[in-house]
Amino acid sequence: MVFLFSIVAQWFSRGAFLQIFFQQEEDLFLISIFLGSVILSSPIQGYMSDLTSRKKVIVLALLASIISLLIMLFGPRVTSLKFPIICGVAAVVNGVFGNVFPASGAGLSERTGEEKRSLLYSVLFRYLGLGVGALMPLPQMSKLVFAVSLVTVALLWVIWDIEDGEIVLDKS
């Protein structure tokens, strides 16, 4: 459940990003930057989770998601850059560092012992979070604040419930 919640929280933030990107004139450019960085970073993050631990990679990814959301929230207030440039920076941060799916999917697969079922759950929750984040009828600011809150809860849950290699609550 911890892995699924981290997937939903992170992908909800991506859905919020995509809805904001579609409202910009440079929407296809922003989405291309975002998706390109996700595609390029996925194998690296998968390798890093194998090399170090799932928890470290998931924590880094959730932190990057929070940072990218905070860039979107406070960037226009603290810098004179145009909003599409701020969106592009946030897209790169979230896309390159904020991809929780490889580590969470692998962790869920190890936890359930059934690769097909864990992949089904991972993909279902991934796109459920993405769809809800993109379609939720809230203003941008409210959606970004909600996304920061959701990802922060997921981050705290991962830190609290997962030790390197084990889930704390399952100890006897």
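Residues numbered from 1 in each chain as written. Predicted model: local features only at pLDDT ≥ 70, side-chain atom pairs only at ≥ 80, totals over all residues. Heavy atoms only, no water.

### Looking at the overall build of the protein chain
Now for step 1: Each helix and strand counted, the protein chain has seven helices and two strands in total.
Now for step 2: Taken from N to C terminus, the helices and strands of the protein chain fall in the order α-α-α-α-α-α-α-β-β.
Now for step 3: The globule rule puts the C-alpha radius of gyration for 172 residues at 16 Å, and the 16 Å found for the protein chain is close to it.
Now for step 4: Each of the 172 residues in the protein chain was classed as buried or not, and the buried ones make up 47%.
Now for step 5: Long-range pairs, those at least 24 residues apart, make up 80% of the contacts in the protein chain with a sequence separation of at least 6. (Helix = DSSP H or I, 4+ residues; strand = E, 2+ residues; numbered from the N terminus. Rg over C-alpha atoms; globule rule 2.2 N^0.38 Å. Buried < 20%, exposed > 50% of the residue type's maximum accessible area, 1.4 Å probe, protein only. Contact = heavy atoms within 4.5 Å.)

### A look at the packing of aromatic side chains
Now for step 1: Overall, the coordinates contain six aromatic pairs when judged by the stated rule.
Now for step 2: Between the aromatic rings of tryptophan 11 and tyrosine 127, the centroid separation amounts to 6.2 Å while the plane-to-plane angle is 55 degrees, which identifies the pairing as tilted. Of the two residues, tryptophan 11 is situated in helix H1 (residues 2-22) and tyrosine 127 in helix H6 (residues 115-135); the sequence distance between them amounts to 116 residues.
Now for step 3: The class for tyrosine 127 is partly exposed, based on a relative accessible area of 46%.
Now for step 4: Between phenylalanine 17 and phenylalanine 21, the aromatic rings sit 5.7 Å apart at their centres with planes inclined by 0 degrees, giving stacked as the arrangement. With phenylalanine 17 and phenylalanine 21 both in helix H1 and four residues apart, this pair spans about one turn of that helix.
Now for step 5: What makes phenylalanine 21 buried here is its relative accessible area of 0%.
Now for step 6: Members of the aromatic cluster, joined through ring pairs, are Phe17, Phe21 and Phe34.
Now for step 7: We note arginine 14 situated over the ring of tryptophan 11; from NZ or CZ to the ring centre the distance is 4.7 Å. (Phe/Tyr/Trp six-rings, centres within 6.5 Å; stacked < 30°, edge-to-face > 60°. Lys NZ or Arg CZ within 6 Å of the ring centre and 35° of its normal.)

### Some details on the nonpolar core
Now for step 1: Among the nonpolar cores identified, the biggest contains 41 residues, and Phe17, Phe21, Phe34, Ile58, Leu62, Leu69 and Met72 are the most heavily contacted of them.
Now for step 2: Elements represented by at least two residues in this core include exactly H1, helix H2 (27-51), helix H3 (54-78), helix H4 (83-97), helix H5 (101-112) and helix H7 (140-161). (Core = buried A, V, L, I, M, F, W, Y, C linked by side-chain atoms within 4.5 Å.)

### Examining the side chain of serine 6
Now for step 1: Take serine 6: it is sitting in helix H1.
Now for step 2: Ignoring anything within four residues of it in the chain, the contact list for serine 6 reads Ile58, Leu62, Val100, Ser104, Ala154 and Val158.

### Details of H4
Now for step 1: In this model, H4 (15 residues) spans 21 Å end to end at C-alpha, consistent with the 21 Å of a helix rising 1.5 Å per residue.
Now for step 2: Residues of H4 that are buried: Ile86, Cys87, Gly88, Ala90, Ala91, Val93, Asn94 and Gly95.
Now for step 3: Looking at the buried positions of H4, the neighbouring elements they touch are H1, H2 and H3. (Expected span 1.5 Å × (residues − 1).)

### Digging into a nonpolar patch on the surface
Now for step 1: A surface patch of nonpolar side chains, amounting to about 430 Å² of accessible area, comprises Ile44, Tyr47, Met48 and Leu51.
Now for step 2: For tyrosine 47, the position within the fold is in helix H2. (Patch = residues over 30% accessible without salt bridge, like charges linked within 9 Å, V, L, I, M, F, W, Y side chains within 5 Å. Areas by Shrake-Rupley, 256 points an atom, 1.4 Å probe, with all protein chains shown as cover. Salt bridge = Lys/Arg side-chain N within 4 Å of Asp/Glu carboxyl O.)

### Comments concerning H2
Now for step 1: For H2, built from 25 residues, the straight-helix expectation of 36 Å at 1.5 Å per residue is met to within 8% by its first-to-last C-alpha distance of 36 Å.
Now for step 2: Serine 41 marks where H2 bends most, by close to 35 degrees; the proline proline 43 follows one to four residues later.
Now for step 3: Of the positions making up H2, those classed as buried are Leu30, Ile31, Phe34, Ser37, Val38, Ser41, Gln45, Gly46 and Ser49.
Now for step 4: At its buried positions, H2 is contacted by H1, H3, H4 and H5. (Bend = angle between axes of the 7 residues up to and from the residue.)

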